[in-house]
Amino acid sequence: MGSVWTLIAAVLLLAAGPLLSHAVIGRVPGALAVLEGFVFTSIGGLVLLHILPESVAAVGWWTVPAALVGLVGPLGLEQLGEQASRRARRLTLVIALAGLALHSSLDGIALSVGGAGGEALSLAVLLHQVPVGLALWWLARPALGARRTVLVFVALAAMTTVGFALGGRFSLTGPALPLFSAIMGGSLIHVLGHRSHTEPGSTGRRWSATLVGAVLGAALLVAV
């Protein structure tokens, strides 16, 4: 069993996402663009370099149509009109949050691993908690409100704790799990595509700040 301190660190780093967003956004010029570049790069990389490759390794190229379901499926509903579009985005967000809850439980299981190799896996889990927290706050708060989003964070922390407590008792080798993870990955990319922000300043300056955030996100991915 891994150290309980790694579990505490994972929960605190997840919570650091919205705290960092609140402390920086609107107070530091260009911070929003930096955050945007960081979140898109880190979460996009998390999906493309972590979630989908693991799904491919587990179930092969069935991952591709599963991811397309999450990515393209909601677009059909959005063609039904503006009201349907709002519902489709809300449904997509629910799917993404359910996927994050599943992912949080797997994070807990990973943190519970001890012995050789377990430390590196735990470090990877800890490093991606901040961008996950940032993305979750960024995506969910406009749709759910601050209070409900805080409850989502509490639920994810609880799922991580449950996964940590259960450890490796459950088999995770079935095809349903990696296919669902692929759908979740596609859904995350879809929801990210609906979030764009603008802030005062020249276009060139915003692009430069976004590039800085993207470089930081890429550096985090390399570190993980």
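On a predicted model such as this, the values are computed, not experimentally measured, just so you know.

Draft legend 1. Structural view of a nonpolar patch on the surface. A cluster of nonpolar side chains, namely Trp61, Val64, Leu68, Leu71 and Val72, defines an oily patch on the protein surface of about 470 Å² accessible area. Of note, Leu71 is situated in helix α3 (residues 63-78).

Draft legend 2. Representation of the nonpolar core within the structure. Judged by nonpolar contacts, the single largest core of 23 residues is most densely connected at Val39, Leu136 and Leu156. For this core, the elements supplying multiple residues, two or more each, are α2 (31-59), α4 (82-111), α6 (129-144) and α7 (146-166). If you look at the next biggest cluster of nonpolar residues, it comprises 9 residues, including Ile51, Leu52, Met184 and Leu188.

Draft legend 3. Here's a closer look at the environment of Gln129. Topologically, Gln129 is positioned in helix α6. The class of Gln129 is buried, set by a relative accessible area of 5%. For the pair Gln129 and Leu13, spaced 116 residues apart in sequence, the C-alpha to C-alpha distance is 5.6 Å. The residues touching Gln129, leaving out its near neighbours within four places in the chain, are Ala10, Leu13, Leu14 and Asp107. Among the polar contacts listed, one links the side chain of Gln129 to the side chain of Asp107, at a separation of 3.2 Å.

Draft legend 4. Region of the structure containing the packing of helix α1 (residues 4-24) against α6. Running from N to C, α1 and α6 cross one another at 45°; their axes reach a closest spacing of 7 Å. If you check the angle between α1 and α6, you find them oblique. For the element pair α1 and α6, the recorded crossing hand is right-handed. When α1 is examined against α6, the residues Ala10, Leu13, Leu14, Gly17, Pro18, Leu20 and Ser21 are found in contact with a partner set consisting of Gln129, Val130, Val132, Gly133, Leu134 and Trp137. When the residues that make up the contact of α1 with α6 are grouped by side-chain class, the tally is 9 nonpolar, 4 polar and no charged.

Draft legend 5. Broad picture of α2. The terminal C-alpha atoms of α2, which comprises 29 residues, lie 40 Å apart, in line with the 42 Å expected from a rise of 1.5 Å per residue. Bending of α2 peaks at approximately 30° at the position of Leu52, with proline Pro53 no more than four residues after it. Looking one or two places after α2, you find Gly60, whose phi comes out positive at around 75°.

Each value, and the rule that gives it
- Residues numbered from 1 in each chain as written.
- Predicted model: local features only at pLDDT ≥ 70, side-chain atom pairs only at ≥ 80, totals over all residues.
- Heavy atoms only, no water.
- Patch = residues over 30% accessible without salt bridge, like charges linked within 9 Å, V, L, I, M, F, W, Y side chains within 5 Å.
- Areas by Shrake-Rupley, 256 points an atom, 1.4 Å probe, with all protein chains shown as cover.
- Salt bridge = Lys/Arg side-chain N within 4 Å of Asp/Glu carboxyl O.
- Helix = DSSP H or I, 4+ residues; strand = E, 2+ residues; numbered from the N terminus.
- Core = buried A, V, L, I, M, F, W, Y, C linked by side-chain atoms within 4.5 Å.
- Buried < 20%, exposed > 50% of the residue type's maximum accessible area, 1.4 Å probe, protein only.
- Contact = heavy atoms within 4.5 Å.
- Polar contact = N/O pair within 3.5 Å; in protein donor to acceptor, adjacent residues only side chain to side chain.
- Axes fitted to C-alpha atoms, helices over the stretch in contact; angles between N-to-C directions.
- Parallel < 35°, antiparallel > 145°, perpendicular 65-115°, else oblique.
- Left-handed = near helix turned anticlockwise from the far one by under 90°.
- Nonpolar A, V, L, I, M, F, W, Y, C, P; charged D, E, K, R; others polar.
- Expected span 1.5 Å × (residues − 1).
- Bend = angle between axes of the 7 residues up to and from the residue.

On their own, these measurements won't tell you what the molecule is for.
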